[in-house]
There are 2 protein chains.
Amino acid sequence: MSAKNTRDRIVETADRLFYEKGFEYISVGDIADAVEITRGNLTFHFKTRDDVLEAVIERRMGRTRDMLAQWEKEGCTAAERIGSFINILIMNRTKILLHGCPVGTLCTELAKLEHAALTNANRIFSLFRDWLKSQFEQLGCGGESKAHAMHLLAWSQGTATLAQAFRDETFIRAEVSRVQAWLAGLGKQGTRRRKR
Amino acid sequence: MSAKNTRDRIVETADRLFYEKGFEYISVGDIADAVEITRGNLTFHFKTRDDVLEAVIERRMGRTRDMLAQWEKEGCTAAERIGSFINILIMNRTKILLHGCPVGTLCTELAKLEHAALTNANRIFSLFRDWLKSQFEQLGCGGESKAHAMHLLAWSQGTATLAQAFRDETFIRAEVSRVQAWLAGLGKQGTRRRKR
DNA sequence: GTCTATAGTATGATAGAC
DNA sequence: GTCTATCATACTATAGAC
């Protein structure tokens, strides 16, 4: 941490704070305090709070790309790779119970504020959507691939929202099982169709 | 509007503003301005901003109870009544595209802020969940009724979140069709089971 | 690259006149 | 029940010393 330069530490810390408490709740002073620098120093790196937000979104875009590339490398089949997406709900369950989905909660907040950065934040959703669409195509879902991708993305959002509201980890596990069964059904269907 | 007393006008206006812009973004001054009263007058009715929030949640609880009672009166079968729930996504689509789900977005925000009112806000979710559970039981879903209720609630949240982020009305309609097909399948299953 | 000092504004909340 | 006046605090953002 101390080896990194101040700019990176600001973005990293702001990313965490925006996620945990929401963009509107976190002031420039909160970020500076957490990084243990002064507000003046923070302003040297980012002129406004919105500039920090842009950098945070950029960071999240990059990390999402890395994660998708990793799944691409690890999963042998499309079903396995989609399974990696489903499993982030389990992997990140502790944080989701407390703060929800980082992408979903940010987009919701920015949409309410009619904030210009919503367009950029949405690109993270689009990254997932396009990647999932490609996986469903490989699974043999054809023209339904985009709808399936959106459906799965929506599923992850709804599950995160209710899990956070009710602070219920059991619910996450139940929903993951349910959607994995749905995916298994789709896989068979896809296989059947290709054999015809 | 002008016939109503000031207190009611404050709660009604705050309800709308909190929904449209988020609780954290709306100040006491914003509410007073919108109601066209002074801050001092607002403070006479509600000592703190949190007190306004409590009243808003209470109002939403009441309106939700009324809506569920209405659906209970209108729908002849359990499937029809569950259909009424699904249809709110269509009914409220314009507002959902702009501001998301009023219950979901409030609970998400309060959870992030670790706000004491989260418990009360969650009760609105619980109203829906318990009502849906009862409907699924009447549909013959037995022990799966609660899981189905939570699944449907999560579906509504995920659909609202993505529809808001992408400002995509077509997506809402596609998801409504999809979940209605799921519901129709469940209804048949339930009927079969009862006939055994 | 980091700091202090400060301007200007908005906030939540209170006291007291009418 | 409604208003004005006011306090103490917190905010974003800027200017300029080191």
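The coordinates are above.
So, a few notes on the structure that sits alongside this text. Predicted model only: the values in this text are computed from it and were never measured.

Notes on the relation of the copies chain A and chain B
- It takes a turn of 180° to lay chain A on chain B, together with a shift of 0.0 Å along the axis; the resulting RMSD is 0.0 Å. Considering both components of the superposition, the chain copies are consistent with a two-fold axis. For chain A, the residue whose C-alpha comes nearest the rotation axis is Gly158 of chain A, separated from it by 1.8 Å.
- A symmetric contact is evident, with 100% of the interface residues of chain A recurring at the interface of chain B.

Remarks on the protein's contact with DNA strand C
- Of all residues adjacent to DNA strand C, which total 15 residues, the nearest are Thr6, Phe44 and His45 of chain A together with Val28 and Thr43 of chain B.
- Take the atoms of DNA strand C that sit within 4 Å of the protein: sugar and phosphate atoms are 67% of them.
- One of the side-chain N or O atoms of Asn41 of chain A is found 3.1 Å from a phosphate oxygen in DNA strand C.
- Residue Ser27 of chain B places a side-chain N or O atom 3.1 Å away from a phosphate oxygen belonging to DNA strand C.
- Among the elements of the structure, α3 (39-45) of chain A together with α2 (28-35) and α3 (39-45) of chain B are those that each provide at least two residues to the surface near DNA strand C.
- When residues in the surface near DNA strand C are grouped by element, the largest group, four residues, is from α3 of chain A.

What about the side chain of Asn122 of chain B?
- When you line up the elements, Asn122 of chain B lands in helix α8 (residues 118-138).
- According to the relative accessible area criterion, Asn122 of chain B is buried, its value standing at 10%.

Structural notes on the pattern of salt bridges
- Applying the stated rule across the entire model yields 22 salt bridges over all chains.
- Residue Asp15 of chain A pairs with Arg59 of chain A through a salt bridge whose shortest N-O separation is 2.9 Å. Within this pair, whereas Asp15 of chain A is found in helix α1 (residues 6-21), its partner Arg59 of chain A is found in helix α4 (residues 49-74), the two being separated by 44 residues in sequence.
- Residue Arg59 of chain A is classed as partly exposed on the basis of its relative accessible area of 25%.
- Note that Lys21 of chain B is salt-bridged to Glu114 of chain A, the shortest N-O span being 2.4 Å. On the criterion of chain membership, the pair formed by Lys21 of chain B in helix α1 (residues 6-21) and Glu114 of chain A in the loop between α7 (102-113) and α8 (118-138) is interchain, its members lying in two chains.
- When salt bridges that share partners are traced, they join Asp15, Arg59 and Arg60 of chain A into one network.

Topic: the environment of Phe166 of chain B
- With respect to the element layout, Phe166 of chain B can be found in helix α9 (residues 145-166).
- The contacts of Phe166 of chain B, once residues within four sequence positions are left out, are Asn122, Phe125, Ser126, Arg129 and Met150 of chain A.

A closer look at the packing of α1 of chain A against α4 of chain A
Residue and element names in this part refer to chain A.
- At a minimum axis distance of 9 Å, the contact between α1 and α4 shows a crossing angle of 85°. Classified by the angle their axes make, α1 and α4 are roughly perpendicular. Contact residues: α1 offers Arg7, Ile10, Val11, Glu12, Ala14, Asp15, Phe18 and Tyr19, while α4 offers Val52, Leu53, Ala55, Val56, Arg59 and Arg60.

Notes on empty space enclosed by the protein
- In the structure shown here, the tally under the stated rule is four cavities of 30 Å³ or more.
- Considered as a void within the structure, the largest cavity measures approximately 220 Å³ in volume.
- If you go around the largest cavity, you meet 19 residues; those closest to its centre are Thr105 and Glu109 of chain A together with Gly22, Thr105 and Glu109 of chain B.
- Within the residue set of the lining of the largest cavity, elements represented by two or more residues are α7 of chain A together with α7 (102-112) of chain B.
- Taken together, the residues that form the lining of the largest cavity break down as five nonpolar, six polar and eight charged.
- One number sums up the size of the second largest cavity: a volume of about 140 Å³.
- In this structure, the second largest cavity is lined by 18 residues; those nearest its centre are Gly104, Thr108 and Thr161 of chain A together with Thr108 and Thr161 of chain B.
- Those elements that place two or more of their residues in the lining of the second largest cavity are α7 and α9 (145-166) of chain A together with α7 and α9 of chain B.
- Of the residues belonging to the lining of the second largest cavity, the class tally is four nonpolar, 14 polar and no charged.

Criteria and cut-off values
Residues numbered from 1 in each chain as written. Chains lettered and ligands numbered in written order. Predicted model: local features only at pLDDT ≥ 70, side-chain atom pairs only at ≥ 80, totals over all residues. Heavy atoms only, no water. Least-squares fit on C-alpha atoms with pLDDT ≥ 70 in both. Contact = heavy atoms within 4.5 Å. Near = heavy atom within 4 Å. Polar contact = N/O pair within 3.5 Å; in protein donor to acceptor, adjacent residues only side chain to side chain. Helix = DSSP H or I, 4+ residues; strand = E, 2+ residues; numbered from the N terminus. Buried < 20%, exposed > 50% of the residue type's maximum accessible area, 1.4 Å probe, protein only. Salt bridge = Lys/Arg side-chain N within 4 Å of Asp/Glu carboxyl O. Axes fitted to C-alpha atoms, helices over the stretch in contact; angles between N-to-C directions. Parallel < 35°, antiparallel > 145°, perpendicular 65-115°, else oblique. 1 Å grid on protein atoms, 1.4 Å probe; cavity = no way out; pocket = protein on both sides within 12 Å on 5 of 7 lines; lining within 4 Å. Points joined across faces, edges and corners; volume = space filled by probe spheres on them. Nonpolar A, V, L, I, M, F, W, Y, C, P; charged D, E, K, R; others polar.

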